[in-house]
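Read off the chains here:
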Amino acid sequence: MNVILSALVPVTFIISIGIIAGRTLTLDRSTLSQLAVYILTPALIASSLYKTQLSTDSALGLIVGYLITCVLVYGVSLGISTLLKLKSGVQKSFIATSMFANTGNMGLPFATFALGEGGLDRAIVCLIVSTLIIFSTGPALLQGGSFGESLRLIIRLPLIWAMVVGLTLRFFSIDLPLRLDDGLHLLGGAAIPIALIVLGIQLSTTAFKIGLYEGVTAIIRLLVSPAIAYSVGRSLGLEVLDVQVLILQSAMPTAVNTVVLVTQFGGDASWAARTVVLSTALSLVTLPLVLWATLML
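Each value, and the rule that gives it
Residues numbered from 1 in each chain as written. Predicted model: local features only at pLDDT ≥ 70, side-chain atom pairs only at ≥ 80, totals over all residues. Heavy atoms only, no water. Helix = DSSP H or I, 4+ residues; strand = E, 2+ residues; numbered from the N terminus. Buried < 20%, exposed > 50% of the residue type's maximum accessible area, 1.4 Å probe, protein only. Contact = heavy atoms within 4.5 Å. Areas by Shrake-Rupley, 256 points an atom, 1.4 Å probe, with all protein chains shown as cover. Lys, Arg positive; Asp, Glu negative; His and termini not counted. Charge placed at Lys NZ, Arg CZ, Asp CG, Glu CD. Polar contact = N/O pair within 3.5 Å; in protein donor to acceptor, adjacent residues only side chain to side chain. Axes fitted to C-alpha atoms, helices over the stretch in contact; angles between N-to-C directions. Parallel < 35°, antiparallel > 145°, perpendicular 65-115°, else oblique. Left-handed = near helix turned anticlockwise from the far one by under 90°. Nonpolar A, V, L, I, M, F, W, Y, C, P; charged D, E, K, R; others polar.

Asker: How would you summarise the overall build of the protein chain if you had to cite specific residues and measurements?
Answerer: When helices and strands are counted, the protein chain shows 13 helices and zero strands. Oriented by its inertia axes, the alpha-carbon framework of the protein chain measures out at about 60 × 50 × 50 Å. The buried share of the protein chain, reckoned over its 297 residues, is 52%. In the protein chain, of all internal contacts separated by at least 6 residues, the share reaching a separation of at least 24 is 85%. Of the roughly 13500 Å² of accessible surface on the protein chain, 69% is carried by carbon and sulfur atoms. Looking at charge distribution, the protein chain has the averaged site of its 15 positive side-chain charges lying 13 Å from that of its 12 negative ones.

Shown next as structure tokens:
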């Protein structure tokens, strides 16, 4: 129980600060989001990959496991949306909000507080894979964009270049001069609290609404997805900590970036925003349950 509370309370506390700040202060959410996406999170990824002790087998297992989990979640959401006879725009939003998890703002801090540095290292692998999936399949799913368009979008992502830098430094055992690695570590350390504050601000400005489709999507995202991840992790024979992180990252609420993609490439943006809010709120109840189950492995 202490482990669950130590993971949930800090995350909830910082999100609550973001909610209060969003309602009482004049903050530019766009500026904070850009700071997190383009500077702080890339620094966290580069620093973590530079210093990580994660084995190649664990990294590859997580990559394969997360990819398979996403494919299976896509199949489930496509089947359910077909049974519900959703219109094209809503169906696209339904699938996107079911597939794309908030492995950054929520996933990284939750894995860190619950499973320590080893959890963070593994959660970053899932974040990188998730980001690639969101920005490669997202435009194609919502708009039917070409592979070239998706590739150009991915290349512009700072997270990808941070991954390249971090892996290069580690592979060639490069020692950064003048304690630049400490500076990179300090910069990356700001990524998690800023991301949670941004999420809190987002929640403070979005109406909370429960509808049938939003509820079904939240169930897929928060409960069905981690159950699939558990089966996939066990089938692949992953180590216990790898399976735990795979489950937790698959249990995260809908990614905020889903709203951005739906707005830009097609779909029902307001419906997607409501789903983000609902799934995030419900995750404060489901994540402790999922964490409790994973700790029993």
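Back to the text.
Asker: An account of unusual backbone geometry is needed here, citing residue identities and associated values.
Answerer: For Ser173, which is not glycine, the phi torsion reads 50° and is therefore positive. Along the chain, Ser173 turns up in the loop between α7 (158-171) and α8 (180-189). Using a relative accessible area of 58% as the deciding quantity, one classes Ser173 as exposed. Its identity is not glycine, yet Arg179 carries a phi of approximately 60°, on the positive side. Mapped onto the fold, Arg179 is located in the loop between α7 and α8.

Asker: With reference to specific residues and values, describe the environment of Gln249.
Answerer: As for its position among the elements, Gln249 is in helix α11 (residues 240-250). Taking the relative accessible area as the measure of exposure, Gln249 reaches 1% and is therefore buried. Beyond its immediate stretch of four places on either side in the chain, Gln249 contacts Tyr66, Ala101, Thr103, Gly107, Leu108, Ala123, Cys126, Leu127 and Arg221. There is a polar contact of 3.3 Å between the side chain of Gln249 and the backbone oxygen of Thr103.

Asker: I'd love a proper account of the packing of helix α3 (residues 56-83) against helix α10 (residues 212-236), names of residues and values included.
Answerer: Closest axis-to-axis distance for the α3/α10 pair is 9 Å, and the angle between their directions is 140°. Judged by the angle between their axes, α3 and α10 are oblique. Classified by chirality, the crossing of α10 by α3 is right-handed. Between α3 and α10, the contacting residues are Gly61, Val64, Gly65, Ile68, Thr69, Leu72, Val73, Val76, Ser77 and Ile80 on the first element and Val216, Ile220, Val224, Ser225, Ile228, Ala229, Val232 and Leu236 on the second. Considered class by class, the residues forming the contact of α3 with α10 number 13 nonpolar, five polar and no charged.

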